[in-house]
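Each chain, written out:
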Amino acid sequence: MTTSPPGLRERKKQATREALREAALRLAVERGPDQVRVEDIAEAAGVSPRTYNNYFASREQAIVSAVTADREARIAAAVAARPAGMRLSDAVTEAVVEQYTSTSEREQEVLLLITARTALRDAFLDSTAGIEDPLAAVIAERIGDAGAHTARVLAASVAAAVRIALEGWLRPAGNAGTIGSFGAGGLVVPSGSLPDQLRAALAPLAPAFDAAERRTQP
């Protein structure tokens, strides 16, 4: 898959988005997330609150973006870089596991911040939806899905599976048997192996990926 380099306007938008998420993270670390306003982030990034709202819907979304930025594009790129003969379900699974577990020390610090606040955890989980569009494009190219309908269903299923795995990994203490219990708050201690949970959540999708690949074979 080839893409043309972004134009000047797109580069400016990318720079603004990066400035906002970096300002959001810095202020959250310095003051604590609850003491950061959208107006503060916008001022620190040198833009207006109105401009801020063109990029992020909340302060939590901006803070979380500092650790999740471009992850969805990296997952798609990692799938595209896998050998053509590699089983597609394996390529997707390994790309997801790689991008969600190969974190820097800085990203680990941000994750600790995220796990301490319910709103940040929710924003972190919501960010998995960003996987769908770039991954759908790669899958469509791989299986020759001209209308991208099958690819979109598969990519959306991957995004949902990743969210489920993260929910299990970040389940609040004392709610081990409760699904969707994040809204109630509570102490969160990441538990178990995240790679194992990601692989387990993605495993049921393998037959659908295999079926989609078989349809492209002569």
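Note that the structure is predicted; figures quoted are calculated from it, not measured.

(A) Main features of the overall build of the chain. The secondary structure content of the chain amounts to 12 helices and zero strands. Surface exposure of the chain reaches about 11400 Å², of which carbon and sulfur atoms provide 51%.

(B) Seen up close, the layout of surface pockets. Empty space within the largest pocket amounts to approximately 710 Å³. Together, 26 residues line the largest pocket, and Arg 17, Ser 65, Ala 69, Asp 70 and Glu 72 are the ones closest to its centre. A per-element tally of the lining of the largest pocket places helix H1 (residues 8–31) first, with six residues.

(C) Structural detail: the nonpolar core. One finds Val 96, Ile 139 and Val 158 to be the most contacted residues of the largest nonpolar core, which totals 62 residues. Considering each element in turn, this core owes the most residues, 10 residues, to helix H10 (residues 149–169). In this structure, Val 96 is in contact with Ile 75, Val 158, Val 162, Leu 198 and Leu 202, ignoring residues within four places of it in sequence.

(D) Layout of empty space enclosed by the protein. Applying the stated criterion across every chain yields a total of one cavity of 30 Å³ or more. Counted as a void, the largest cavity has a volume near 50 Å³. For the largest cavity, the full set of lining residues is Arg 71, Tyr 100, Leu 111, Phe 124, Leu 166, Trp 169 and Leu 194. Looking at the lining of the largest cavity residue by residue, the class counts come to six nonpolar, no polar and one charged.

(E) Focus on the confidence of the model for the chain. Within the chain, residue pLDDT values average 86, and 87% of them lie at 70 or more. Of the regions scoring below 50 in pLDDT, residues 176–187 engages in 22 contacts with residues more than four places distant in sequence or in other chains.

Cut-offs and rules
Residues numbered from 1 in each chain as written. Predicted model: local features only at pLDDT ≥ 70, side-chain atom pairs only at ≥ 80, totals over all residues. Heavy atoms only, no water. Helix = DSSP H or I, 4+ residues; strand = E, 2+ residues; numbered from the N terminus. Areas by Shrake-Rupley, 256 points an atom, 1.4 Å probe, with all protein chains shown as cover. 1 Å grid on protein atoms, 1.4 Å probe; cavity = no way out; pocket = protein on both sides within 12 Å on 5 of 7 lines; lining within 4 Å. Points joined across faces, edges and corners; volume = space filled by probe spheres on them. Core = buried A, V, L, I, M, F, W, Y, C linked by side-chain atoms within 4.5 Å. Buried < 20%, exposed > 50% of the residue type's maximum accessible area, 1.4 Å probe, protein only. Contact = heavy atoms within 4.5 Å. Nonpolar A, V, L, I, M, F, W, Y, C, P; charged D, E, K, R; others polar. pLDDT = per-residue confidence, 0-100.

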